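# Structure at a glance
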Amino acid sequence: MGHTYLRKIVFSSSLLLSLQSVIAQPFIDIINTSYQSLNTTYKVDSVLKKNQTQNAFINLTVPIKLDTQNTLIVRFYGERLFSQVTEYTPNWYSDFSSGTLYSAILPIGLQHETKSKKWKYLGLVMPKFSGQGLGNSDFQLGGYAMATYSKSKDFKIKFGLFYNRKFFGDFFIPIFGLDWRVSPRFQMYGTLPNNYRFEYAFIDKFLYAGLGFKSYTRSYHIDNAGQSFYVRNNEIQVKAFVDVYLAKKFVLFGEFGRTINYSRVLYLSGTKDLAPNPGVYSAIKDAFFFNVGIAYRVRFGFN
């Protein structure tokens, strides 16, 4: 019961995570790119021994100020997910000994701030392509709505709703967030259930580090040998992170952590039935991972 309940409560979408630099963090990444690596073993199939999974990400944010109260938000989020079986019993064969999946998302919407600056409202439409080749059959559509109440410049409350039409069905997530600058050096920020951080400024304007939590769900469409499938990827991460400002707006960042209940599994399209002989997309064990990247970042409070 524990693992099933945990999945229902905490997993979220990469679409939702791609919005964090606009609505939850004390900074905006105009552009960032990163690479994540995970090496693990398979859970059940004794034929399959080891797995390697590599993710590459790129995010672009373009906030366009329309007037004193309204900002147009345009974003691009891209992902390349490569997985392969690296050790297996001789004579084993599957069409899915390795695989590369892609996502491309273009959230676009409007943020409105009231004249009192106590409230902000954000609404976005989020078209997404997710699959092997980003064709018409890989299309998904989502939406996002968030309200933010600023009790003070150091304390904000956020709540909203996320929706995406996944390949396994409709996916709704209620969202709640609390951004609190506890002291000039320590703050916490993010939205639950998808992404939250506890951050400490060890060297102001140079070195920031802390602990983080992230959860998300993605789905990718696959056509193979006349059959249609989808991969459902559920992932929860607990991690330590460090951000180093090489210059005022150029940041090198790194993360190291552990997955919890990682599930990246192949299903028959239109069903919740596991695909036969899924190969690389069989269930894997949790493992340690690392993620490194670089960003052009505008951090609020920097002069």
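Our structure is the block above this text.
Residues numbered from 1 in each chain as written. Predicted model: local features only at pLDDT ≥ 70, side-chain atom pairs only at ≥ 80, totals over all residues. Heavy atoms only, no water.

### Side note on the nonpolar core
As a rule of thumb, nonpolar side chains are buried together in soluble globular proteins. Core analysis: the largest hydrophobic core is formed by 20 residues, its most contacted members being Phe96, Leu101, Ile222, Val231, Leu266 and Tyr281. Residue assignment for this core shows that the elements contributing at least two residues are strand E3 (70-88), strand E12 (207-224), strand E13 (227-245) and strand E14 (250-268). With 15 residues, the next largest nonpolar core counts Tyr144, Met146, Phe171 and Ile175 among its residues. (Core = buried A, V, L, I, M, F, W, Y, C linked by side-chain atoms within 4.5 Å. Buried < 20%, exposed > 50% of the residue type's maximum accessible area, 1.4 Å probe, protein only. Helix = DSSP H or I, 4+ residues; strand = E, 2+ residues; numbered from the N terminus.)

### With respect to the packing of aromatic side chains
Considering all chains together, one arrives at 19 aromatic pairs under this definition. On the basis of an interplanar angle of 45 degrees and a centroid distance of 5.1 Å, the ring pair of Trp119 and Tyr149 is categorised as tilted. One end of the pair, Trp119, is in strand E6 (residues 119-131); the other, Tyr149, is in strand E7 (residues 139-152), and 30 residues separate them in sequence. Note on Phe250 and Tyr296: the rings are 5.2 Å apart at their centroids and 65 degrees apart in plane angle, and the pair reads as edge-to-face. Taken together, the residues Phe250 in strand E14 and Tyr296 in strand E15 (residues 288-299) connect sequence positions 46 residues apart. On the accessibility criterion, Tyr296 (30% relative accessible area) is partly exposed. Positioned above the aromatic ring of Phe27, the side-chain terminus of Arg297 is 3.9 Å from the ring centre. Over the face of the ring belonging to Tyr208 we find Arg299, whose NZ or CZ atom lies 4.1 Å from the ring centre. (Phe/Tyr/Trp six-rings, centres within 6.5 Å; stacked < 30°, edge-to-face > 60°. Lys NZ or Arg CZ within 6 Å of the ring centre and 35° of its normal.)

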